[in-house]
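Structural description and commentary
Next come the chains, spelled out residue by residue.
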Amino acid sequence: MSEKREKLPLNKVDGKVVIITGASKGIGKAIATTLGEAGATVVLAARTQNTLDKVVNELTDKGVKALSVPTDVTDTKSVESLIQKTLDSYHKLDILVNNAGSGVFGNVVDFPVSDWDSVINSNLKGLYLCTKSALPTFVSQGDGQIINVLSIAAKVTFQASAAYCAAKAGALAFTKVLSAEVRQQNIRVTAILPGSVETPFWEDIPQHPDFDKMLQPEHIAETVLSICQQPRGMVTEEITVTPPLGIL
Ligand SMILES: NC(=O)c1ccc[n+]([C@@H]2O[C@H](COP(=O)([O-])OP(=O)(O)OC[C@H]3O[C@@H](n4cnc5c(N)ncnc54)[C@H](OP(=O)(O)O)[C@@H]3O)[C@@H](O)[C@H]2O)c1
């Protein structure tokens with residue numbers, strides 16, 4: 001075909017209102033910074049208020065419009081309050097980035113039930129609660145986007161990682177079901193599956209991969225930005241991001 005095609009216009013992040021969970025450090029902080037610097041108004045959620053406020057102050061100093069909302073994503077009321085405070089402040093919500101999560105690792109035989117619950121709740125229940133609370137706004141706007149930061153562990157299993165792998169695999173299944181349920185309402189849903197990323201996530205985990213070979217949080221932030229900017233008429237359902245050497 002020789003006919004010249006028009007370039008599809010990219011979606012703009014400028015002026016969008018975006019909630020990022022787990023935004024006080026690591027990948028979430030990088031996502032908030034990258035989207036904020038691209039012109040989005042960013043609402044940062046995590047449990048620890050002083051860490052969150054510090055990041056919001058850093059962003060505000062750079063001229064980014066940012067709001068700190070201390071939130072536990074595993075708690076229904078806390079999550080509902082996050083959505084309400086966002087709507088009270090900015091009167092709309094364009095994008096939800098479900099990024100909050102935690103890892104505790106150990107063999108099943110020794111793994112405490114409390115650790116099982118905390119891994120499943122922060123990585124899976126939290127994603128469901130945030131999504132469920134945001135959806136009515138997206139439906140009434142007739143527009144919305146949900147980006148779930150999962151892990152390669154949604155598809156590849158690792159030793160001593162049963163709870164984490166189960167939570168991420170469950171979150172990937174959830175993402176796919178949700179995507180099919182809401183695409184008619186113009187709500188785009190994407191799962192990002194990163195390999196290892198150099199963040200505080202690994203601080204208390206002695207057997208971690210080599211930091212020199214990991215991705216940087218900014219790699220995931222750039223992936224989120226590019227998904228937000230994708231033109232209308234397409235949905236990226238799932239994207240895997242690994243470093244050049246392919247370590248997971
Ligand atoms: N680092 C990696 O290698 C890697 C690779 C693939 C995927 N991931 C995934 O990427 C996401 C971010 O990881 P990261 O490496 O940036 O971790 P991180 O540096 O440990 O940061 C985790 C963030 O989540 C927040 N958080 C944890 N539990 C929460 C809860 N119940 N409610 C609200 N916020 C909560 C933490 O703040 P508070 O503790 O103050 O709440 C923090 O802001 C996670 O879902 C993780 O599973 C990480």
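Provided above is the structure to which this section pertains.
Residues numbered from 1 in each chain as written. Predicted model: local features only at pLDDT ≥ 70, side-chain atom pairs only at ≥ 80, totals over all residues. Heavy atoms only, no water.

**Thoughts on the side chain of Asn123**
The residue Asn123 is located in helix α4 (residues 113-141) in this model. For Asn123, a relative accessible area of 2% gives the class buried. At a separation of 3.5 Å, a polar atom in the side chain of Asn123 contacts the side chain of Ser122. What Asn123 contacts, discounting residues up to four positions off in sequence, is Ala100, Gly101, Ser102, Tyr164, Ala167, Lys168 and Ala171. (Helix = DSSP H or I, 4+ residues; strand = E, 2+ residues; numbered from the N terminus. Buried < 20%, exposed > 50% of the residue type's maximum accessible area, 1.4 Å probe, protein only. Polar contact = N/O pair within 3.5 Å; in protein donor to acceptor, adjacent residues only side chain to side chain. Contact = heavy atoms within 4.5 Å.)

**Here's the deal with the site of the ligand**
Taken together, the neighbourhood of the ligand is formed by 30 residues, with Ser24, Thr48, Tyr164, Val197 and Thr199 sitting nearest. Contacts to the ligand include Arg47, whose side-chain N or O atom sits 2.7 Å from an oxygen atom. Asn99 has a polar backbone atom sitting 2.8 Å from an oxygen atom of the ligand. Against a free-state accessible area of 880 Å², the protein chains account for coverage of 95% of the ligand. (Near = heavy atom within 4 Å. Areas by Shrake-Rupley, 256 points an atom, 1.4 Å probe, with all protein chains shown as cover.)

**A closer look at the pairing of strand β7 (residues 238-241)**
As judged from the four bridges shared by strand β6 (residues 187-194) and β7, these two strands associate in the parallel manner. Note that in β7 the partner of Leu193 across the bridge is Thr240. In this fold, β6 hands off to helix α6 (residues 217-229), which returns the chain to β7; that crossover is left-handed. (Pairing = 2+ DSSP bridges. Right-handed = clockwise from strand over helix to strand, strands pointing away.)

**What about the sheet that holds β6?**
With respect to topology, seven strands assemble into an open sheet ordered β3-β2-β1-β4-β5-β6-β7, the strand pairing being parallel. Here the strands that pair on one side only, and so sit at the sheet edges, are β3 (66-70) and β7. Put simply, the sheet's adjacent strands are angled 15 degrees from each other on average, direction ignored. Where strand β4 (residues 95-98) and strand β5 (residues 144-149) come together, four bridges link them in parallel fashion. In the strand pairing of β5, Val97 is matched with Ile147. Where helix α3 (residues 76-90) meets the sheet, it contacts β1 (17-21), β2 (41-46) and β3, and its direction lies at approximately 155 degrees from that of β3. (Axes fitted to C-alpha atoms, helices over the stretch in contact; angles between N-to-C directions.)

**Structural notes on the side chain of Thr236**
For Thr236, the position within the fold is in the loop between α6 and β7. Given the relative accessible area of 16%, Thr236 is considered buried. At 2.9 Å, the side chain of Thr236 forms a polar contact with the side chain of Gln230. Those residues in contact with Thr236, other than ones at most four positions away along the chain, are Val189, Thr190 and Gln230.

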